[in-house]
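Chain residues, written in single-letter form:
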Amino acid sequence: MKKTLIISSIGALLVACNKKAEQKTDAPKDTVTIGNTAATEKPSDGTGNFDINSVPVSTAEVGELPFFSFPKGLNFQNKPVQRSYDMLFFPLKGVMIPIEGKVWKTYVVNEKSNKEEWSLPYFLKSYDDAITKVGGVKIFDGKVSQQELDRIKEEARYFGEEGSIDYWNEPVKVYVIRRQNGDDIYIQLYGNTATGAIQILQKAPFEQTISILKSDEIKKALDATGKAILHINFDTDKASLKPDGKTAVDEITKVLKNDNNLKLAINGYTDNSGNDAHNLQLSKDRATAVLNAITTSGIDKARLSAEGFGSKTPIADNSSEEGKAQNRRVELVKK
């Protein structure tokens, strides 16, 4: 009887010890430490989001973009790409998440005067040390899946330009420097046996620089060139006009009412996001929406025509958000 009790007690003790060990093993894996402060990513919710609020705010003076000099003996390969507004994808928990703001990116190589061989550990360690010293936190380190890269290939049209990350063949390291005013700094870098690349993005909101043309400006453009370019706002990926889009249509209507002999072709265009067939239909639907809105004001439909051309004949670079905004347009052409 005593033996049975002893064995039972030992069994219970072992179970309790195992449970404690399991609880220890289940501690968050994505924890990084700055000094004595731990910053833990939220458990994955399938979106790749992490809790930026759990990252300690850095008050270090970092200056202006690109914030860091090159490590001694290294320099850019070609002229770096720098844009006041763009969008880059960053892998967060392995999921590619688009982030918008100011962008700087480049390939990094040995300087011509540097007689030493390229050292990938030197390149990576130099930036890791510099970034973490100003409060940066590493939030991803590894390979991005082919499935993720295939998912975003239609949106990430900038792949292949200067400073591109070779997600297909190499692991990537991603850092964030959280700032007090929300203009957080995201940095990603990778390297191979011959070169490296670094991309730096400082979060910033999009600032609209396109204004609605007034009727007299539309008339002036039509008289001078036979064409007027308008950036009319529609709901995202739809042909429904936003309030300021309706205001733009009102200005077109004024021009038509002031000149009863004027006939216009309304041509719609999109940026290159999405597939060609979808863009072609969307541009046509938007041109038709403008035509219909004009005719509700009493303009004879016979004076108008509507056609869509999708992403053909862009007027700006589709690799940046600023360029895409320029390409999403309606052109009025005198008939």
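What comes next concerns the included structure.

Rules of the game
- Residues numbered from 1 in each chain as written.
- Predicted model: local features only at pLDDT ≥ 70, side-chain atom pairs only at ≥ 80, totals over all residues.
- Heavy atoms only, no water.
- Helix = DSSP H or I, 4+ residues; strand = E, 2+ residues; numbered from the N terminus.
- Buried < 20%, exposed > 50% of the residue type's maximum accessible area, 1.4 Å probe, protein only.
- Contact = heavy atoms within 4.5 Å.
- Salt bridge = Lys/Arg side-chain N within 4 Å of Asp/Glu carboxyl O.
- Phe/Tyr/Trp six-rings, centres within 6.5 Å; stacked < 30°, edge-to-face > 60°.
- Lys NZ or Arg CZ within 6 Å of the ring centre and 35° of its normal.
- Pairing = 2+ DSSP bridges.
- Right-handed = clockwise from strand over helix to strand, strands pointing away.

## Quick word on the environment of asparagine 267
Mapped onto the fold, asparagine 267 is located in strand 11 (residues 264-269). Look at asparagine 267 and you get buried, because its relative accessible area is 12%. Considered as a pair, asparagine 267 and glutamate 331 are 64 residues apart in the sequence and their alpha carbons are 5.1 Å apart. Those residues in contact with asparagine 267 that lie beyond four places of it in its chain are Ala287, Glu307, Phe309, Arg329, Val330, Glu331 and Val333.

## Looking at the pattern of salt bridges
Within this structure, the stated rule accounts for 14 salt bridges. Salt-bridge contacts for glutamate 331 lead to lysine 227; the nearest nitrogen and oxygen are separated by 3.8 Å. Pair noted here: glutamate 331 is in strand 13 (residues 329-334) and lysine 227 is in strand 10 (residues 227-230), with a separation of 104 residues, a long-range link. For glutamate 331, a relative accessible area of 5% gives the class buried.

## A closer look at the packing of aromatic side chains
A complete count under the given rule lists 11 aromatic pairs for this structure. Measuring from ring centre to ring centre gives 5.5 Å for phenylalanine 123 and tyrosine 127, while their planes differ by 75°; the resulting arrangement is edge-to-face. Residue phenylalanine 123 and its partner tyrosine 127 are both found in helix 2 (residues 120-133); the two are separated by four residues, about one turn of the helix. Classification of tyrosine 127 by relative accessible area gives buried; the value is 4%. Both rings, one in tyrosine 167 and one in tryptophan 168, keep their centres 6.3 Å apart while their planes meet at 65°; by these two values the pair is edge-to-face. Under the relative-accessibility criterion, tyrosine 167 is labelled buried at 1%. Looking at arginine 329, its charged tip hangs above the ring of tyrosine 269, at a distance of 3.9 Å from the centre.

## Side note on the side chain of asparagine 272
Checked against the element boundaries, asparagine 272 lands in the loop between strand 11 and helix 6 (276-295). Once residues lying within four places of it in the same chain are set aside, the contact partners of asparagine 272 are Arg157, Asn279, Ser311, Asn318 and Lys324.

## Things to note about the pairing of strand 12 (residues 304-308)
Here five bridges tie strand 11 to strand 12, and the two strands are oriented parallel to one another. Considered in strand 12, the bridge of glycine 268 is made with glycine 308. Note on the crossover from strand 11 through helix 6 to strand 12: the handedness is right-handed.

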